[in-house]
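Okay, here's what each chain looks like letter by letter:
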Amino acid sequence: MDFKLTEEQELIRNNMREFCEKYVNPIAAEIDENSRHPAEVFQKLAEGDWMGMPIPQEYGGAGADYLTHIIAVEEISRACASTGFTVSIHVGIACMLILLFGTEEQKKKYLVPMAKGKHLGAFVLTEPGAGTDVMAATTTAVLDGNDYVINGTKTFTSNGPTGDTYLLFAWTDKAAGRKGMSAFVVSRGTPGMKVGEHFKKMGLRSSQTSEMVFKDCRVPKENLIGKEGMGLQMAMTGFDHGRTGIAAQCVGIIQAALDESIKYSKERVQFGTPIARHQAIAWMIADMATDLAAARYLTYHAAWLKDQKQPFSKEAAMAKLFASEAAMKHTIKAVQIHGGYGYCKGAKVERLMRDAKITEIYEGTSEAQRMVISGNVLR
Ligand SMILES: Cc1cc2nc3c(=O)[nH]c(=O)nc-3n(C[C@H](O)[C@H](O)[C@H](O)COP(=O)(O)OP(=O)(O)OC[C@H]3O[C@@H](n4cnc5c(N)ncnc54)[C@H](O)[C@@H]3O)c2cc1C
């Protein structure tokens with residue numbers, strides 16, 4: 001068993017840390033405050049080959065392993081959880097699904113510009129009546145001549161307002177149940193597709209989230225990804241990759257909470273001594289550091305399994321469950337350590353606490369992760 005990262009992985013971590021110090025940290029509070037998508041940062045991420053890290057070079061990516069991408073997501077999220085999430089869903093779900101299930105033609109047409117960071121991807125599954133219960137979806141794709149005609153309303157689409165390439169899930173044969181859903185690629189600007197309501201959120205505010213409305217939206221037959229009926233299987237595969245990314249996002253959030261807590265508790269003096277010397281505070285920090293290590297190992301292990309071409313659904317769900325609950329718990333503690341100052345705008349821990357909450361909800365709630373894990377261990 002080797003817990004040591006490769007030289008390349010360490011280099012990537014350091015490079016991403018430097019990138020964040022230069023381009024992300026200085027604007028993280030502002031883009032949160034203004035709910036602004038930082039297009040200029042994504043331009044720089046594209047130039048640095050960060051938007052297709054684990055995608056083979058022949059398809060426009062950097063050809064790294066999945067663990068390297070995960071380390072990059074962790075580092076960006078340490079600076080800005082919204083930016084880390086946008087990279088994660090673009091690379092880990094949108095790019096990955098086209099790589100794994102797309103035809104050669106689809107990879108050349110859609111994946112190459114995505115992996116180069118020229119086009120941003122989105123994963124369009126959730127509907128107003130179908131969140132955890134994906135099977136309750138109502139969006140349909142009906143074959144008409146050489147086109148599929150899509151009708152339905154999707155919700156909570158991350159990168160909805162800012163995306164270029166949408167991976168959409170719709171019923172092609174509802175009666176076929178789990179084998180009746182299919183996946184399509186839909187490009188921005190396709191007639192009949194419109195970005196609906198934009199959501200104002202508690203946290204993760206610079207990530208753009210919206211409804212997506214499809215009304216008689218025609219896409220050519222060639223836009224079907226994989227075969228008809230493979231949609232649900234593809235969505236679940238996307239979740240395995242995406243959940244590992246969310247776990248990495250959480251590791252970055254906890255690391256930031258720990259960094260801030262160590263710094264503040266050594267500086268803040270009460271009762272004539274830095275508060276770090278009060279055992280109550282020191283123990284909060286000890287628990288934070290311990291859960292951070294556990295979350296990181298679970299996350300890296302899930303990514304490592306993916307790189308070894310082994311099944312990793314259960315491990316991705318475990319990593320996401322543990323890391324997201326730890327992120328929530330420890331960002332609350334980080335605010336506690338900062339006292340009243342931690343509750344005010346301007347303290348990074350205030351943003352971390354708001355950002356942490358969503359990690360227990362999207363890409364499957366904690367309850368959904370427990371369903372996946374128990375389904376695996378009780379088999
Ligand atoms: C900021 C944000 C970004 C998102 N990005 C995307 C995206 O890019 N693409 C996309 O497709 N979706 C996205 N989502 C949707 C997200 O994945 C869903 O919100 C999530 O799956 C939960 O669905 P829901 O909100 O409808 O909650 P519900 O499914 O209605 O759940 C409500 C509560 O009931 C619980 N619950 C539901 N069923 C059960 C059960 N059987 N047993 C026990 N408890 C249960 C849930 O765990 C939860 O606590 C995003 C959501 C948000 C808020």
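Procedures and definitions
- Residues numbered from 1 in each chain as written.
- Predicted model: local features only at pLDDT ≥ 70, side-chain atom pairs only at ≥ 80, totals over all residues.
- Heavy atoms only, no water.
- Helix = DSSP H or I, 4+ residues; strand = E, 2+ residues; numbered from the N terminus.
- Expected span 1.5 Å × (residues − 1).
- Buried < 20%, exposed > 50% of the residue type's maximum accessible area, 1.4 Å probe, protein only.
- Near = heavy atom within 4 Å.
- Polar contact = N/O pair within 3.5 Å; in protein donor to acceptor, adjacent residues only side chain to side chain.
- Areas by Shrake-Rupley, 256 points an atom, 1.4 Å probe, with all protein chains shown as cover.
- Nonpolar A, V, L, I, M, F, W, Y, C, P; charged D, E, K, R; others polar.
- Domains from an automatic or database assignment.
- Contact = heavy atoms within 4.5 Å.
- Core = buried A, V, L, I, M, F, W, Y, C linked by side-chain atoms within 4.5 Å.
- Buried area = accessible area lost by both parts, 1.4 Å probe.
- Salt bridge = Lys/Arg side-chain N within 4 Å of Asp/Glu carboxyl O.
- Phe/Tyr/Trp six-rings, centres within 6.5 Å; stacked < 30°, edge-to-face > 60°.
- Lys NZ or Arg CZ within 6 Å of the ring centre and 35° of its normal.

### Section: helix H7 (residues 231-267)
Since the α-helix packs 3.6 residues into each turn, any two residues three or four apart lie on the same face.
So, step 1. Helix length check: H7 (37 residues) gives 53 Å between terminal C-alpha atoms against 54 Å at 1.5 Å per residue, within 8%.
So, step 2. Most of H7 sits out of view: 29 of its 37 residues are buried.

### Here we look at the site of the ligand
So, step 1. Neighbouring residues of the ligand: 16 residues in total, closest Thr126, Thr132, Phe156, Thr365 and Glu367.
So, step 2. Contact distances for the ligand include 2.6 Å between an oxygen atom and a side-chain N or O atom of Thr132.
So, step 3. Thr365 is positioned with one of its side-chain polar atoms (N or O) 2.7 Å from an oxygen atom of the ligand.
So, step 4. Summarising the interface, the protein chains cover 65% of the accessible area of the ligand, which totals 970 Å² for the free molecule.
So, step 5. Mapped onto the shell around the ligand, the elements with two or more residues apiece are strand S3 (147-158) and helix H12 (366-377).
So, step 6. When the residues that make up the shell around the ligand are grouped by side-chain class, the tally is eight nonpolar, five polar and three charged.
So, step 7. Summarising the domain contributions, the shell around the ligand has at least three residues from each of domain 2 (122-231) and domain 3 (239-377).

### As for the environment of Thr157
So, step 1. Mapped onto the elements of the fold, Thr157 is located in strand S3.
So, step 2. For the pair formed by Thr157 and Glu10, sequence separation is 147 residues and the distance between their alpha carbons is 33 Å.
So, step 3. The contacts of Thr157, once residues within four sequence positions are left out, are Ala122, Phe123, Val124, Gln208, Thr209, Ser210 and Met212.

### Some thoughts on the nonpolar core
So, step 1. Ranked by internal contacts, the top residues of the largest apolar core, which has 98 residues, are Leu45, Phe123 and Phe169.
So, step 2. Examining the composition of this core, we find that 15 residues originate from one element, H7, more than from any other.
So, step 3. Residues in contact with Phe123, not counting those within four places in the same chain, are Ile89, Ile93, Leu97, Thr157, Leu167, Phe169, Ala235 and Phe239.
So, step 4. Core analysis: the second largest hydrophobic core is formed by 16 residues, Tyr148, Tyr166, Ala170 and Cys217 among them.

### Some words on the domain arrangement of the protein chain
So, step 1. Looking at the assigned domains, one finds that the protein chain contains domain 1 (7-120), domain 2 (122-231) and domain 3 (239-377).
So, step 2. For domain 1 and domain 2, the distance between their C-alpha centroids amounts to 23 Å.
So, step 3. Listed by partner, the interface residues are 25 residues for domain 1 and 23 residues for domain 2.
So, step 4. In total, domain 1 and domain 2 occlude about 2000 Å² of area from one another, counting both sides; carbon and sulfur atoms represent 59% of this.
So, step 5. Here domain 1 and domain 2 share one salt bridge between them.
So, step 6. Here Asp32 and Arg205 are joined by a salt bridge, their closest N and O atoms 3.8 Å apart.
So, step 7. Summed over the shared surface of domain 1 and domain 2, the number is 11 residue pairs in polar contact (both at pLDDT 80 or more).
So, step 8. For the side of domain 1 that touches domain 2, the secondary structure elements donating two or more residues are helix H2 (28-33), helix H5 (81-101) and helix H6 (104-115).
So, step 9. Of all the elements, H5 adds the most residues to the side of domain 1 that touches domain 2, at 10 residues.
So, step 10. Here the side of domain 1 that touches domain 2 is composed, by residue class, of 14 nonpolar, seven polar and four charged.

### A short note on the packing of aromatic side chains
So, step 1. The final tally for this structure, using the stated rule, is seven aromatic pairs.
So, step 2. Seen in terms of ring centroids, Phe3 and Tyr297 are 5.4 Å apart; in terms of plane orientation they differ by 65 degrees. Their pairing is edge-to-face. Residue Phe3 is found in the segment before helix H1 (7-24), and its partner Tyr297 is found in helix H8 (residues 279-307); the two are separated by 294 residues along the sequence.
So, step 3. Using a relative accessible area of 57% as the deciding quantity, one classes Phe3 as exposed.
So, step 4. When the ring centre of Tyr66 is taken as reference, the NZ or CZ atom of Lys306 above it lies at 5.8 Å.

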